[in-house]
Amino acid sequence: MIASPKTKYRHNASPRLSANQLAEYLTATSTRRKAIIREAKFPATDMVARYDAARKALIKHLCDPTRSHSVLSSAIIDLTQRIDGRPDSTWVKNDSECSIEAITNFQKMTNQLGLSALNFSPLHARHPHLDIGGVKVSVTLDLIAMRPDKKGKNYVGGAILLVSKSSASSKHREERCQISAVLALQSSERNLAASGEVDPKLCMTIDVFGGKAYSAKGNYKRLMGTIHSACEEIADRWNSIIPPTGYDGN
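Residues numbered from 1 in each chain as written. Predicted model: local features only at pLDDT ≥ 70, side-chain atom pairs only at ≥ 80, totals over all residues. Heavy atoms only, no water.

Whenever I open this one, the overall build of the protein confuses me. Can you help?
A tally of regular secondary structure across the protein gives 7 helices and 9 strands. Computed over the C-alpha atoms, the radius of gyration of the protein is 19 Å, within 12% of the 18 Å expected from 2.2 N^0.38 for a compact globule of 250 residues. Taken along its principal axes, the extent of the C-alpha atoms in the protein is 55 × 50 × 40 Å. By the burial criterion, 42% of the 250 residues in the protein qualify as buried. For the protein, contacts bridging at least 24 residues in sequence account for 72% of all contacts bridging at least 6. If you average the places of the 35 positive and of the 24 negative side-chain charges in the protein, the two averages end up 2 Å apart. (Helix = DSSP H or I, 4+ residues; strand = E, 2+ residues; numbered from the N terminus. Rg over C-alpha atoms; globule rule 2.2 N^0.38 Å. Buried < 20%, exposed > 50% of the residue type's maximum accessible area, 1.4 Å probe, protein only. Contact = heavy atoms within 4.5 Å. Lys, Arg positive; Asp, Glu negative; His and termini not counted. Charge placed at Lys NZ, Arg CZ, Asp CG, Glu CD.)

Next comes the structure, spelled out in structure tokens:
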């Protein structure tokens, strides 16, 4: 029996986006907004996440009570050996070099991130999506940030690592980080309340290449209204979005 060829695209019948796609949508042009919805409705099946090794190394480092930089140095050595072991793979080489750049950049900017007073622990399971304005939004938290007060009360919040190096303007990059931080707050309030009192200041996006951590404090209620309106717009447009050229899904 001959196996059926693998399709290049999947089809999501109902509106759904990742937190990263939604954050980009809110800062995109009208043309790009349409493309974002199309990419979410008809996602490519061969997409592979970059920076996975860097993300794992940064999580391990931040969760280490001593914040030892040997964790990061060992990751760089492993990535260098990965390149040497797969000299014929352009993808492995590029991905490894990008991860090394991310780790190196994080090492340089550790002090300015302002994370030294916080404790972090890893998440061991994915949380359910958020339902916002008729859209299922998947928010992948990388870490739980924790800060006990002097009375022993524990405050918590979810943290998202922005590891990718984007060509977006610094203004749009900052806006995306703030939007992601608000989504981290929404996910934390739903899923982390059993671990302590959720504090908006601990719900954050850590921009590895930008060297800054953005929390959901301040104007998060206004941003949440903007996010809700954008999701309603996406839900309204979903059924009208046609497949991309070369679409071979169902």
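Looking at this structure, how should I read the packing of helix 4 (residues 70-85) against helix 5 (residues 90-113)?
Between two packed helices, the angle of one axis relative to the other and the distance separating the axes together describe the packing. Orientation of helix 4 relative to helix 5, taken along the N-to-C sense of each, is 165°, at an axis distance of 9 Å. For the element pair helix 4 / helix 5, the angle class is roughly antiparallel. Handedness of the helix 4/helix 5 crossing: left-handed. Within the contact between the two elements, helix 4 uses Leu 72, Ser 73, Ala 75, Ile 76, Leu 79, Thr 80, Arg 82 and Ile 83 and helix 5 uses Trp 91, Val 92, Lys 93, Asp 95, Ser 96, Glu 97, Ser 99, Ile 100, Ile 103, Thr 104, Phe 106 and Gln 107. (Axes fitted to C-alpha atoms, helices over the stretch in contact; angles between N-to-C directions. Parallel < 35°, antiparallel > 145°, perpendicular 65-115°, else oblique. Left-handed = near helix turned anticlockwise from the far one by under 90°.)

Looking at this structure, how should I read the sheet that holds strand 1 (residues 16-18)?
Two pairing modes exist for strands in a sheet, parallel and antiparallel, and in both the strands are linked by backbone hydrogen bonds. If you trace the 3 strands from one edge of the open sheet to the other, you get 1-4-3, paired in mixed fashion. The sheet is open, and its two edges are formed by strand 1 and strand 3 (130-132), each paired on a single side. For this sheet, the mean angle separating the axes of adjacent strands, direction not counted, is 30°. The pairing of strand 3 with strand 4 (residues 135-138) spans 3 bridges and is classified as antiparallel. The residue bridging Leu 130 from the neighbouring strand is Val 137, located in strand 4. (Pairing = 2+ DSSP bridges.)

Help me understand the pairing of strand 6 (residues 154-162), please; the structure alone is not making it clear to me.
A regular strand places its side chains on the two faces of the sheet in alternate fashion. Of all 9 residues that make up strand 6, 8 are buried, and the element is covered over most of its length. Pairing geometry for strand 5 (residues 143-148) and strand 6, over 6 bridges, is antiparallel. Among the inter-strand pairings, Met 146 is bridged to a residue of strand 6, identified as Val 156. Hairpin connection from strand 5 to strand 6: 5 residues lie between these consecutive antiparallel strands, with Gly 152 at a positive phi of about 90°. When strand 6 meets strand 7 (residues 197-198), the two strands line up parallel, connected through 2 bridges. Directly across from Tyr 155, in strand 7, lies its bridge partner Glu 197.

Would you explain the packing of aromatic side chains in this entry?
Note on aromatic pairs: each is described by the distance of the centres and the angle between the planes. Per the counting criterion, the structure on display carries 3 aromatic pairs. Taking 6.0 Å as the distance between ring centres and 45° as the angle between the ring planes, the aromatic pair formed by Tyr 9 and Tyr 247 counts as tilted. Taken as a pair, Tyr 9 in the segment before strand 1 and Tyr 247 in the segment after helix 7 (220-237) lie far apart in primary sequence, 238 residues in all. Ring geometry for Tyr 51 against Phe 209: centres 6.2 Å apart, planes inclined by 75°, an arrangement best described as edge-to-face. Taken together, the positions of Tyr 51 in the loop between helix 2 (30-41) and helix 3 (52-63) and Phe 209 in the loop between strand 8 (204-207) and strand 9 (212-215) put the pair 158 residues apart, joining distant regions of the chain. Owing to a relative accessible area of 9%, Tyr 51 belongs among the buried residues under this scheme. The exposure class assigned to Phe 209 is buried, which follows from its relative accessible area of 12%. Ring-pair connections join several aromatic residues into one group, and the members of that group are Tyr 9, Phe 42 and Tyr 247. (Phe/Tyr/Trp six-rings, centres within 6.5 Å; stacked < 30°, edge-to-face > 60°.)

Honestly, it's all geometry; don't read function into it.
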